[in-house]
Amino acid sequence: MSDIINLTLSALIDKIKNKELSSQEITKAYIARAEKSKNLNTYITTDFENAIEKAKKFDEKGNFDYKLPGVPLAVKDLFCTNNLKTTAGSKILSNFIPSYESTVTQHLWDEGAILLGKLNCDEFAMGSSNETSFFGNVESPVGKKVVPGGSSGGSASALAAKLTPATIGTDTGGSIRQPASFTGTVGLKPTYGSCSRYGIVAFASSLDQAGPMTHDVSDAALMLDVISKYDTKDSTSVNFKRGDYFKSLSSNIKGKKIGIPKEYRVDGMPKEIESLWQDGITLLKKLGSKIIDISLPHTTYALPAYYIVAPAEASSNLARYDGVKYGYRSQGENLISMYENTRSEGFGDEVKRRIMIGTYVLSSGYYDAYYLKAQKIRRLIKNDFDEAYKSVDAILTPSTPSSAFKIGDKTDDPVSMYLNDIFTVPVNLSGLPAISIPAGKDKNNYPLGLQLIGKAFEEQNLLNISYSMEKELNFKNNLQDWWIK
Amino acid sequence: MSIDLKTIKHIAKLSRISIDDKKAKELEKDLNSIFEFIEALNKVDTKKVDPLTSIAETSLKLRGDEVKTKNIREQILKNSPDENKDFFVVPKVVE
């Protein structure tokens, strides 16, 4: 049993294909471990009985040519799953049962994967520590009372605790990469337009993107093969020629030009992150890459611009939650007061804050000063990357300015929480792909990640660079299973 | 520039979120600290910069208006917060 959960996704698939393991054995092993790991609070909804049933069916007459043959997977509760409750971590959707399936989860099931259940996340993916979920905090397996990061915190925690062999999250400002960095796992945000947004509960539509979270880079490539497909149901889906990411993995990165942006050397960054970054540079040199100092001069404006653009889009996207057709409803003496009470009771504090910021920056008289201004800054940030990519193939930065913090440490000050995403947000604003890989640990033994940012639609390049770094880094989480009951 | 209590209540109204005075004061503090942080953008001269509305700067494609999902009325009405299972029901709006 313990062997099963220690396998990577690709090793697990090999064992299924060789008939060394059955889908039922694997599914039951993950379920048994999840039952003993309830105090991490990773699951919002489990679908274990159905999972075992599906595994049984797969073992009887499954197609072993599938990419994910009979593999059980849990996914972030932001993906709509047909007939299974989808909450987005919010009270307002706490009883919502979709009548349709998100495109990316459909791709998983079409390749033979089996749904284990829905993983906790920050409410509407708004948060960096999984503390805004209506369904409670998620604890990270890396340490007691430590946050797993956010918003895909349940996904990161479940993956690191080996409750699922891989998972998918969504990343609007860092929500895949930051929790991956905090939990010693791999998180990939693909280029905007790679993975369909259809059926994902919308937060900020011009920034949202789904992506894999896995134990290693190979697994991320494998998952990307499954979920990155053109979709007519998403009007921003891009019909580009996708690679055969897993098969094309290569550790030859000789001559690759890697940019080091000086603006990411921020004040107050812990020494251990500075040296982690330096070690990454040394490693890339050893692997035959060429290191080039670059400048992304508008980096410091990315976060304030993000906190206009994302809330503005959120305030518009979340206007649909009015208590009429689905979700939580409160009472009111008339229609308007019913709306107001429903939204006041149904949304948590962080979501209300962002709706109000968004409403304000879009309101009459403030649009030009804030929203239009932020969109112009967004152009400058993207131009910075375009300019840099004239001389480099990819960019190396730390994933986060700190390691994981304790639950409750940053909840009183929204701005200090927002600063977590300082290195990840520019990527979303520019629509670029980026990956966070575990690269070391801090003095508390908490994982630290390095981020590689690539050119648009060049995920293969990004995967190859991180693949070759990963081999040398040889990172091990070595978790002590302290949470198992 | 700071956002006063009256403006907070006005934004709450526009956002269709009811807030009491205690909540309004909390939001006044939070939003002002967030906007203080946002004001940094004013340091950048953007007079000659075009706004970037979306990364996918392509024109939207048209597709046929085809029905792809049928007969899910019951399934959809099941999510209705009101007891009535034939319609979506809201508080009376016509006197």
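Within any chain, residue numbers begin from 1 and follow the written order of that chain's sequence. Chain letters and ligand numbers both follow the written order, the letters beginning at A and the numbers at 1. Reporting in this predicted model follows two pLDDT cut-offs: at least 70 for local features of residues, and 80 or more for side-chain atom pairs to be given and counted; totals over whole chains, interfaces and linings ignore these cut-offs and use all residues.

*Asks:* What is the right way to read the sheet that holds strand β3 (residues 114-119) of chain A from this model?
*Replies:* All names here are of chain A. Taken together, the 3 strands give an open sheet; going across it, the order is β1-β3-β2, and neighbouring strands pair in mixed fashion. The open sheet has two edge strands, β1 (43-46) and β2 (72-76), and neither has a second partner. Averaged over neighbouring strand pairs, the angle between their axes works out to 30° when direction is ignored. In this structure, β1 lies alongside β3, joined through 3 bridges in antiparallel fashion. Pairing of Y43 across the sheet is with L119, part of β3. Contacts here follow a simple rule: the backbone-placed C-beta atoms of the two residues must lie within 7 Å. Axes here refer to lines fitted to C-alpha atoms; in helices the fit is confined to the stretch in contact. Angles between the N-to-C directions go from 0 to 180 degrees. Each helix is a run of DSSP H or I of at least 4 residues and each strand a run of E of at least 2, with the numbering of both proceeding from the N terminus. Contacts from helix α4 (residues 48-61) reach β1, β2 and β3, with the element oriented near 160° to β3. DSSP calls a pair of strands paired once it identifies at least 2 bridges connecting them.

*Asks:* Sorry if this is basic, but what is going on with unusual backbone geometry here?
*Replies:* Backbone phi values are negative for most residues with the exception of glycine, while trans is the configuration of most peptide bonds. Residues and elements named next belong to chain A. The omega torsion of the bond from G150 to S151 falls at 5°, within 30 degrees of zero and hence cis. Of note, S151 is situated in the loop between β3 and α6 (153-160). Non-glycine residue N445 carries a positive phi angle of around 75°. Secondary-structure assignment places N445 in the loop between β10 (434-441) and β11 (447-454). Given 13 C-beta atoms within a 10 Å radius, N445 is considered partly exposed. Field definition: a residue is buried when 20 or more other C-beta atoms are found within 10 Å of its C-beta, exposed when 12 or fewer are, and partly exposed for counts in between, with C-beta atoms placed from the backbone.

*Asks:* Any chance you could explain the sheet that holds β10 of chain A here in plain terms?
*Replies:* What holds strands together in a sheet is hydrogen bonding between their backbones, with the strands either parallel or antiparallel. Residues and elements named next belong to chain A. Taken in spatial order, the 8 strands of this open sheet run β4-β6-β5-β10-β11-β9-β7-β8, and their pairing is mixed. Because the sheet does not close on itself, it has two edges, and the strands there are β4 (166-170) and β8 (290-294). Pairwise comparison of adjacent strand axes, ignoring direction, gives a mean angle of 30° for this sheet. Pairing analysis gives 2 bridges linking strand β7 (residues 257-261) to strand β9 (residues 394-398), with the strands arranged parallel. Within the sheet, the bridge partner assigned to G259 lies in β9 and is I395.

*Asks:* Where do I start with the interface of chain A and chain B in this structure?
*Replies:* A common way to report how large an interface is uses the accessible area buried once the components associate. Contacts between chain A and chain B engage 53 residues on the former and 40 residues on the latter. Those elements that provide at least two residues to the side of chain A that touches chain B are α10 (302-317), α11 (335-346), α12 (349-362), α13 (367-388) and α14 (414-418) of chain A. At 10 residues, the largest contribution of residues to the side of chain A that touches chain B is made by α13 of chain A. Each residue belonging to the side of chain A that touches chain B can be placed in one class, and the counts come to 25 nonpolar, 17 polar and 11 charged. Note on residue categories: nonpolar means Ala, Val, Leu, Ile, Met, Phe, Trp, Tyr, Cys or Pro, charged means Asp, Glu, Lys or Arg, and polar means any other residue, Gly included.

*Asks:* Can you help me understand the packing of α12 of chain A against helix α2 (residues 21-38) of chain B in this one?
*Replies:* When two helices pack together, their arrangement is given by the angle between the helix axes and the distance between those axes. Where α12 of chain A meets α2 of chain B, the closest approach of the two axes is 11 Å, and the angle between their N-to-C directions is 60°. Comparing their axes, α2 of chain B and α12 of chain A come out oblique. Note that α12 of chain A runs across α2 of chain B; the crossing there is right-handed. Between α12 of chain A, through R353, M356 and I357 of chain A, and α2 of chain B, the contact on the second element is made entirely by L27, D30, L31 and I34 of chain B. For the contact of α12 of chain A with α2 of chain B, the per-class residue count stands at 5 nonpolar, no polar and 2 charged. Angle categories are assigned with fixed cut-offs, so that under 35 degrees is roughly parallel, over 145 is roughly antiparallel, 65 to 115 is roughly perpendicular, and the rest are oblique. Crossings are classed by handedness, with left-handed meaning an anticlockwise turn of the near helix from the far one by less than a right angle and right-handed meaning a clockwise turn.

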